[in-house]
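# Topology and contacts: notes
Here is what each chain is made of, one letter per residue.
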Amino acid sequence: MEKNVCLIKKNDKVKVMTGKDRGKIGRVLSVDRKKNRLLVEHVNIVKRHTRPSAKNRQGGIVEGEAAIHWSNVMLMCNKCMAPVRIKMRHLEDGKKVRMCRKCEELIDL
Ligand SMILES: [Zn+2]
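Read on for an overview of the structure. Everything numeric here is computed off the predicted structure, so don't read it as measured data. (Residues numbered from 1 in each chain as written. Predicted model: local features only at pLDDT ≥ 70, side-chain atom pairs only at ≥ 80, totals over all residues. Heavy atoms only, no water.)

### A closer look at the overall build of the chain
Along the chain, the regular secondary structure elements total zero helices and 10 strands. The helix and strand sequence of the chain, counted from the amino end, reads β-β-β-β-β-β-β-β-β-β. Along the three orthogonal principal directions, the C-alpha set of the chain runs to about 55 × 30 × 25 Å. By sequence separation, contacts in the chain at least 24 residues apart represent 38% of the contacts at least 6 residues apart. In the structure as shown, the chain presents an accessible area of about 7,900 Å², 49% of it carried by carbon and sulfur atoms. Of the charged side chains in the chain, 27 are positive and 12 negative; the average position of the first set lies 7 Å away from that of the second. (Helix = DSSP H or I, 4+ residues; strand = E, 2+ residues; numbered from the N terminus. Contact = heavy atoms within 4.5 Å. Areas by Shrake-Rupley, 256 points an atom, 1.4 Å probe, with all protein chains shown as cover. Lys, Arg positive; Asp, Glu negative; His and termini not counted. Charge placed at Lys NZ, Arg CZ, Asp CG, Glu CD.)

### Focus on the sheet that holds strand E8 (residues 82-84)
Here six strands make up an open sheet; going across it, the order is E6-E3-E2-E1-E7-E8 and the pairing antiparallel. Of all the strands in the sheet, just strand E6 (68-69) and E8 have a single pairing partner and so form its edges. Both strand E3 (residues 37-40) and E6 contribute to a ladder of two bridges, which runs antiparallel. Of the residues in E6, the one forming a bridge with Arg37 is His69. (Pairing = 2+ DSSP bridges.)

### Some thoughts on the coordination of the zinc ion
At this site the zinc ion is bound by Cys77 (SG), Cys80 (SG), Cys100 (SG) and Cys103 (SG), with donor distances of 2.2 to 2.3 Å. Classification of the site at the zinc ion rests on its four donor atoms, whose angles at the metal span 104 to 113°, yielding the label tetrahedral. All donors of the zinc ion belong to a single chain; written as a sequence motif, their spacing is C-x2-C-x19-C-x2-C. Highlighted residues: Cys77 in strand E7 (residues 73-77) and Cys103 in the segment after strand E10 (96-100), separated in sequence by 26 residues. When its relative accessible area of 26% is taken as the criterion, Cys103 is described as partly exposed. (Donors = N, O, S within 2.8 Å, 3.2 Å for Na, K, Ca; no water. Tetrahedral: all angles 85-135°; square planar, octahedral: opposite > 155°, others 65-115°. Buried < 20%, exposed > 50% of the residue type's maximum accessible area, 1.4 Å probe, protein only.)

### What to know about the nonpolar core
Of all hydrophobic cores here, the largest spans 17 residues; its most connected members are Ile8, Val14, Leu38, Val40 and Val73. Looking at this core, the elements with two or more residues in it are strand E1 (13-16), E3 and E7. The biggest single contributor to this core is E7, with three residues. What Val73 contacts, discounting residues up to four positions off in sequence, is Ile8, Val14, Lys15, Val16, Met17, Leu38 and Ile68. (Core = buried A, V, L, I, M, F, W, Y, C linked by side-chain atoms within 4.5 Å.)

### Quick notes on the pairing of E3
Going residue by residue along E3, you find Leu38 and Val40 tucked away on one face and Arg37 and Leu39 left uncovered on the opposite face. In this structure, strand E2 (residues 25-32) lies alongside E3, joined through four bridges in antiparallel fashion. If you follow Asp32 over to E3, its bridge partner there is Arg37.

### Looking at the side chain of Arg98
Locating Arg98 in the fold gives a position in strand E10. Residue classification places Arg98 among the buried positions, given a relative accessible area of 3%. Of note is the side chain of Arg98, whose polar atom sits 2.5 Å from the backbone oxygen of Leu7. Polar side-chain contacts of Arg98 include one of 2.8 Å to the side chain of Asp12. Residue contacts for Arg98: discarding those within four places in its chain leaves Leu7, Ile8, Lys9, Asp12, Leu75, Ile86, Lys87, Met88, Glu105, Leu106, Ile107 and Asp108. (Polar contact = N/O pair within 3.5 Å; in protein donor to acceptor, adjacent residues only side chain to side chain.)

Here it is, written out as structure tokens:
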């Protein structure tokens, strides 16, 4: 089922569609393909308590992004300037690329 496959990749620009960060646009920092979760820059910031370590002798609270499920975000199309649904397309040379469903702009090129 195509809709259960994560088509988002690292460095994509995505818009958050649900949750407390709804409406935010950020760059994808990393993708966890097994869990279908993404880290998006400046999105879903959580505070973590850390123990003292060699790096941070005092320990304390650090802020950082927490992963969100990919279905909570949509890819931004540079042509539509909007969050869009994407689909896969096979090129003649066998390469698979992503395409905007709205304007049919190829996204990976
Ligand atoms: Zn588009």
